[in-house]
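Chains, contacts and geometry: an overview
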Amino acid sequence: MQICLEISGIKPKVILEDNEECKMASHSSDLIWKIKRTGDHYSCNCYSWVYQKNPINGRSCKHLRELLGNRYEDARIVWAGSNGASAKSASASSSNDQMDTDGTRKRARSLTVSSDEDDDVKDTSPKKKVKKSSGSPPSSSGPTNIAVNVLLAQTWTEEKGCDPTGYWISEKLDGVRAFFNGQGFYSRLGNKFFAPDDFSAKWKSKLPKNATLDGELFTGRNKFQDTVSIVRSGASSRWPEVTYYVFDAPFMGNRPFEERLAFLKKIFGDSDAPTYSNVIVVEHIKCTGKNHVVDRLKELQKKGAEGLMLRQPQSRYESKRSSTLLKVKTFYDAEALVIAHHKGSGKNAAVMGAIEVEMACGKRFKIGTGFSDAQRRKPPKIGSIVVYKFQELSKGGTPRFPVYVGDAIDKTEPKDAVIRVIDSGDDDQDGSD
């Protein structure tokens with residue numbers, strides 16, 4: 001991408017091709033810091049870069065600045081959409097020496113550049129400009145971080161759940177939760193998604209000035225990782241694949257849900273006849289009872305849906321976890337910290353067979369299913385947070401039949417699911433194949 005070769009006349013000290021990786025060794029330990037260019041952004045596996053809350057393409061660290069130069073990094077962060085405070089914060093934090101786990105200072109002492117052979121397709125023509133949805137750059141309007149408090153769901157089960165008769169049933173989308181504040185999209189943690197300006201240009205002006213929306217950025221069922229890869233970088237040429245599935249209007253929170261839903265339909269149309277191609281109001285149908293929930297869940301899961309949502313009729317929008325919104329799934333999901341990679345066997349002998357992860361409670365287990373061939377060649381980074389799903393907990397408290405779902409791009413800590421411990425014996429499996 002041209003943007004990585006020169007920004008406002010400033011060039012990086014070292015040119016990396018798309019998907020090329022640079023390795024910097026610590027002076028005081030055996031740790032290797034890996035810097036990689038992916039499209040319009042650079043990543044580093046150091047703690048400073050991994051745990052920043054800035055968008056992926058707006059992060060920097062000491063190692064990136066040493067490699068690319070301070071002037072180039074400052075220009076790149078501004079281009080990525082970060083405001084002055086964020087750029088200054090990234091610069092300040094990356095200028096401090098990184099600390100090893102034993103508390104000693106570490107500094108880069110060697111540098112190697114190598115091609116990344118794990119990617120299926122390489123961009124061998126970095127001078128070509130990446131196509132945007134309409135040629136416009138990522139949106140720079142609005143702050144990079146805001147305070148976001150959205151309505152969160154509790155769990156409903158057939159055995160212990162309330163009578164859902166009269167509730168509104170909708171599909172639980174396997175996308176990325178996105179709050180729209182009138183200017184841009186933000187995650188649950190308040191980090192901005194840098195959607196191109198033209199993504200909302202046609203309909204943003206139709207909203208009241210104080211309007212806020214709640215929904216999911218979604219590319220389709222069983223495409224969670226695709227969605228993540230697109231929304232994490234505003235420069236992605238694949239934003240036209242994303243649809244904003246809107247299901248609430250928080251700024252009307254004191255009004256009944258039915259009124260809020262009617263407002264959304266007035267602006268965006270019915271789900272089967274949307275006014276705008278990239279915004280769809282999530283379909284809601286009246287529930288006739290528990291059997292209706294169970295049958296609807298089976299029907300949608302056969303199509304690849306993650307689950308269902310139940311909305312209490314006449315309910316207000318509460319900016320917290322509330323019993324007015326319930327989620328229904330046959331699988332539980334949670335987040336865990338990646339601590340190791342394990343080599344596979346058989347057809348996976350040359351790639352990753354399973355990742356070892358640590359739960360928030362400290363228990364460790366392996367996840368060996370749910371990965372594509374490309375993901376096995378380039379597994380989630382050690383130190384990153386991943387999302388996984390499972391059916392039950394074993395007697396020992398670890399997930400049975402865990403399946404990798406994707407990277408948790410907006411999480412900094414693992415989070416365990418709340419679930420009963422089953423009585424059967426341990427069936428811990430890493431699922432390697």
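Now for a look at the structure at hand. Treat the numbers as computed from the prediction; the structure is a model and nothing was measured.

Now for the pattern of salt bridges. Under the definition given, this model contains 15 salt bridges. A salt bridge links E306 to K172; the shortest N-O distance between them is 3.4 Å. Pair noted here: E306 is in the loop between helix 8 (290-301) and strand 18 (307-311) and K172 is in strand 8 (residues 168-172), with a separation of 134 residues, a long-range link. Between R296 and E299 there is a salt bridge, with its nearest N and O atoms 3.2 Å apart. Of this pair, R296 and E299 both sit in helix 8, three residues apart, which is roughly one turn of the helix.

Attention shifts here to unusual backbone geometry. Residues other than glycine seldom take positive phi values, yet Q314 does so here, at roughly 65 degrees. Overall, the relative accessible area of 46% leaves Q314 in the partly exposed class. Despite not being glycine, F401 shows a phi value in the positive range, around 55 degrees.

Next up on the list: the nonpolar core. Counting 32 residues, the largest nonpolar core has F185, W203, L207, L213, L217, Y244 and F268 as the members making the most contacts within it. Among the elements of the structure, strand 9 (176-180), strand 12 (213-218), helix 6 (224-231), strand 13 (243-248), helix 7 (257-268) and strand 16 (279-281) are those that each provide at least two residues to this core. Of the residues forming this core, the biggest block, six residues, is contributed by helix 7. Those residues in contact with L217 that sit more than four places away from it in its chain are G175, V176, A178, F185, F193, F199, T227, V231, W239, V242, T243 and Y244. Counting residues in hydrophobic clusters, the runner-up holds 17 residues, among them I10, L16, C61 and L64.

Procedures and definitions
- Each chain carries its own residue numbering, running from 1 in the direction its sequence is written.
- It should be noted that, the model being predicted, local features are given only for residues of pLDDT at least 70 and side-chain atom pairs only at 80 or more, the latter also being counted only at that level, while totals for whole chains, interfaces and linings use all residues.
- Side-chain calculation: all heavy atoms of the structure are included, whereas hydrogens and water are not.
- Salt bridge, as used here, is a side-chain nitrogen of Lys or Arg placed within 4 Å of a carboxyl oxygen of Asp or Glu.
- Working definition: helices are DSSP H or I runs of at least four residues, strands are E runs of at least two. Numbering for both runs from the N terminus.
- Relative accessible area decides the class of each residue, using a 1.4 Å probe on protein chains only: under 20% of the type maximum gives buried, over 50% gives exposed, and in between gives partly exposed.
- Think of a nonpolar core as a cluster: buried Ala, Val, Leu, Ile, Met, Phe, Trp, Tyr and Cys residues, connected wherever their side-chain atoms sit within 4.5 Å.
- Residues are treated as being in contact if the distance between any of their heavy atoms lies within 4.5 Å.

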